[in-house]
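The primary structure of each chain is shown beneath.
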Amino acid sequence: MDAKQLLALDAKQPAAIDAKQRERYSRQILFPPIGERGQERLLGAHAAIVGCGALGSFHAGALARAGVGRLTIVDRDYVEPSNLHRQFLFEEADAEESLPKAVAACRRIARINSSVDVRAAVADLTPSNVDELLGDADLLLDGTDNFETRYLINDFAVSRGIPWIYGAAVASYGLTMPVIPGHTACLRCVYPEPPSGSQPTCETAGVLGAIVSAVASLQIADALRLLTTGEVRARITTIDAWEGTVRQVEGPDRDPECPCCARREFPHLEERARPPVSLCGRNAVQVHERERPLDLETLRTRLEPLGPVRSNEYVLRFAVEGYEMTVFSDGRAIIKGTSDTGIARSVYARYIG
Ligand SMILES: [Zn+2]
């Protein structure tokens, strides 16, 4: 693949490197595929990280250390004690202060590499803010925990020709796939629709720090390769850190009928027909982004170890973290205990997937 074709690297003015930077990044510059030219490209690059939890905080720290000049970090959540075993950038004090993750990450990065220009966006990525938050980036890293946001990233990235790197981890298992619009398969070539039903999440199935760092490391290696050479090997890598197994699927091929990268239909960029709605005067938010039939019995089994659950065939009630979720079999939920739609979507993503 032609590097210029992919990222138009030479259209960007690489940052000139000085003696101090040459010393700081010397071990990376010594790696021949990067070299001084690659380092200059990193210093002039802008990467956006969507979701600054376990994967995203690793991305942010690693890219800052590697000398990527500009970082945008988008996250809607705040740091909690239960994050600390795997979210490498955060400390006890961040959880005590309930700092927004994007802000905590920004503060930490300023201490890791003060020359990086970091922008923290405490926001829920939506069709209405995606262009403003990500439009200027050379590369997008997926640190999200839900498919809604990944399909939004995929539609946006393909529509704008920005590469992105898919990553996911839960329990001991994870996977990653780089997407170079127009050159490799996109998310919808491989998975045309978001999965239906509830998905295992870190809150229901647990997660090992080891799988997070394994997946995030592969994402970072691809990010550095893309930003310095403009190319990357297209493949899906799946890892089970507990079993010690790694599998790779080369390609996969682009789907010539892909609604996204072939037909250029971008439904996930349209404003949701049913955005989360704050229920006036009730300190509650209704989340109903799409029809997704849920098997409430399966969901009950998954949630039971985590908090009190009551259910019948139509509705399930679940109390956790000071919130009460009422979940309906069409995927709709009312989250009581907040009037903030971003927090409600986050609670939904954590427990329903
Ligand atoms: Zn596609």
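Basis of the calculations
Just so you know, the residues in each chain are numbered from 1, in the order the chain's sequence is written. In keeping with the predicted nature of the model, local features appear solely for residues at pLDDT of at least 70, side-chain atom pairs appear and are counted solely at 80 or more, and the whole-chain, interface and lining totals rest on all residues. Side-chain metrics in this entry use all non-hydrogen atoms of the structure; hydrogen atoms and water are not considered. In this description, strands pair whenever DSSP reports at least two bridges between them. Starting at the N terminus, helices and strands are each numbered in turn, a helix being any DSSP run of H or I of at least four residues and a strand any DSSP run of E of at least two. Axis definition: a line fit to C-alpha positions, over the contact stretch in the case of helices; interaxial angles, taken between N-to-C directions, run 0 to 180 degrees. How far a helix is expected to stretch is found by multiplying one less than its residue total by 1.5 Å. For the exposure calls, accessible area comes from a 1.4 Å probe over protein chains only, and a residue counts as buried if that area is under 20% of its type's maximum, exposed if over 50%, partly exposed in between. Here a polar contact is recorded for every N or O atom pair within 3.5 Å, except that within protein the pair must consist of a potential hydrogen donor and a potential acceptor, and residues adjacent in sequence are included only if both atoms are side-chain atoms. Working rule for angles: under 35 degrees goes down as roughly parallel, over 145 as roughly antiparallel, 65 to 115 as roughly perpendicular, anything else as oblique. Crossing handedness is defined as follows: a turn of the near helix away from the far one that is anticlockwise and smaller than a right angle gives a left-handed crossing, while the clockwise case is right-handed. Throughout, a contact is declared for two residues whenever any of their heavy atoms are within 4.5 Å. Amino acids are sorted into nonpolar (Ala, Val, Leu, Ile, Met, Phe, Trp, Tyr, Cys and Pro), charged (Asp, Glu, Lys and Arg) and polar (every other residue, Gly among them). Any Lys or Arg side-chain nitrogen found within 4 Å of a carboxyl oxygen on Asp or Glu counts as a salt bridge. Here a donor is an N, O or S atom found within 2.8 Å of the metal, or within 3.2 Å if the metal is Na, K or Ca; sites may look incomplete because water is not among the atoms. Buried Ala, Val, Leu, Ile, Met, Phe, Trp, Tyr and Cys residues form a nonpolar core when they are joined through side-chain atoms within 4.5 Å. pLDDT gives the predictor's per-residue confidence on a scale running from 0 to 100. Aromatic rings from Phe, Tyr and Trp, with only the six-membered ring used for Trp, were paired whenever their centres fell within 6.5 Å, and each pair was classed as stacked if the ring planes differed by under 30 degrees, edge-to-face if by over 60, and tilted otherwise. We count a charge as sitting over a ring when the NZ of a lysine or the CZ of an arginine lies within 6 Å of the ring centre and within 35 degrees of the ring normal.

(A) Main features of the sheet that holds strand β5 (residues 164–170). What the eight strands build is an open sheet, ordered β3-β2-β1-β4-β5-β6-β7-β8; its pairing is mixed. The sheet terminates laterally at β3 (117–122) and β8 (245–250), the two strands that pair on one side only. When the angles between neighbouring strand axes are averaged without regard to direction, this sheet yields 15 degrees. In the sheet, strand β4 (residues 139–142) pairs with β5 via two bridges, with the strands oriented parallel.

(B) Inspection of helix α12 (residues 209–229) at higher detail. Relative to the 30 Å expected for 21 residues at 1.5 Å per residue, α12 spans 30 Å between its end C-alpha atoms, a close match to the ideal helical length. Judged by how many residues are buried, α12 sits mostly within the fold: 15 of 21 residues are covered. At the exit of α12 stands Gly230, carrying a positive phi of roughly 80 degrees.

(C) Summary view of helix α9 (residues 147–160). Between its terminal C-alpha atoms α9 stretches 20 Å, which fits the 20 Å expected from 14 residues at 1.5 Å a residue. Of all the 14 residues making up α9, 12 are buried; the element is thus mostly covered by neighbouring parts of the structure. Listed in full, the buried residues belonging to α9 are Phe147, Glu148, Thr149, Arg150, Tyr151, Leu152, Ile153, Asn154, Asp155, Phe156, Ala157 and Val158. At the N-terminal boundary of α9, the capping side chain belongs to Asn146, with an oxygen 3.3 Å from the backbone nitrogen of Glu148.

(D) Broad picture of the packing of helix α5 (residues 54–66) against α12. Remark: α5 packs on α12, axes separated minimally by 9 Å, with the N-to-C direction vectors making an angle of 40 degrees. Classed by the angle they form, the pair α5 and α12 counts as oblique. Both α5 and α12 take part in a crossing whose hand is right-handed. Residues Ala54, Leu55, Phe58, His59, Ala62, Leu63 and Ala66 of α5 form the contact with α12, whose participating residues are Val212, Ser213, Val215, Ala216, Ser217, Gln219, Ile220, Ala223 and Leu224. Class assignment for the residues of the contact of α5 with α12 results in 12 nonpolar, four polar and no charged.

(E) A look at the side chain of Thr228. Take Thr228: it is sitting in helix α12. A polar contact is formed between the side chain of Thr228 and the backbone oxygen of Leu224, at a distance of 2.7 Å.

(F) Structural detail: the pattern of salt bridges. Within the structure shown, the criterion is met by 23 salt bridges. One salt bridge connects Asp155 with Arg188, and the closest N-O pair in it is separated by 2.6 Å. With a gap of 33 residues between them, Asp155 in helix α9 and Arg188 in helix α10 (residues 187–190) connect regions that are remote in the sequence. Since its relative accessible area comes to 4%, Arg188 is described here as buried. For Glu324, the salt bridge identified is with Lys336, shortest N-O distance 3.7 Å.

(G) Highlighting unusual backbone geometry. Cis geometry marks the peptide bond from Gly251 to Pro252, where omega comes out at -20 degrees. Position of Pro252 relative to the elements: it lies in the loop between β8 and β9 (277–279). Its identity is not glycine, yet Ala171 carries a phi of approximately 55 degrees, on the positive side. Considering the arrangement of structural elements, one finds Ala171 in the loop between β5 and β6 (173–179). Positive phi, close to 55 degrees, is recorded for Glu321, a residue that is not glycine. You can see Glu321 is positioned in the loop between β12 (315–320) and β13 (323–328).

(H) Summary view of the coordination of the zinc ion. Looking at the zinc ion, one finds its protein donor set to be Cys186 (SG), Cys189 (SG), Cys258 (SG) and Cys261 (SG), positioned 2.3 Å from the metal centre. Mapped onto the sequence, the donors of the zinc ion take the spacing C-x2-C-x68-C-x2-C. Residue class for Cys189 comes out buried when judged on its relative accessible area of 13%.

(I) Structural context of the nonpolar core. Membership of the largest hydrophobic core comes to 44 residues, with the highest contact counts inside it found for Leu63, Val68, Leu71, Ile73 and Ile109. Per-element tally for this core: the top contributor is α12, with nine residues. Leave out the neighbours within four places in its chain, and Val68 touches Leu42, Ala45, Ala47, Leu63, Val116 and Leu227.

(J) Structural detail: the environment of Glu231. Mapped onto the elements of the fold, Glu231 is located in the loop between α12 and β7 (235–240). On the basis of relative accessible area, Glu231 is assigned to the partly exposed category, the value being 26%. Sequence separation between Glu231 and His183 is 48 residues, and the spatial gap between their C-alpha atoms is 9.8 Å.

(K) Representation of the confidence of the model for the protein chain in the model. Of all residues in the protein chain, 93% attain a pLDDT of 70 or more, and the chain-wide mean is 90. Every residue in residues 1–5 scores below 50 in pLDDT, and together they form 10 contacts with partners more than four places removed in sequence or on other chains.

(L) Molecular detail of the environment of Ala19. Mapping Ala19 onto the fold places it in helix α2 (residues 19–24). Residue Ala19 is classed as exposed on the basis of its relative accessible area of 58%. In this structure, the C-alpha to C-alpha distance between Ala19 and Gly167, residues 148 residues apart in sequence, is 35 Å.

(M) View of the packing of aromatic side chains. Per the counting criterion, the structure on display carries four aromatic pairs. The lysine or arginine in question, Arg332, covers the ring of Phe328, its NZ or CZ lying 3.9 Å from the ring centre.

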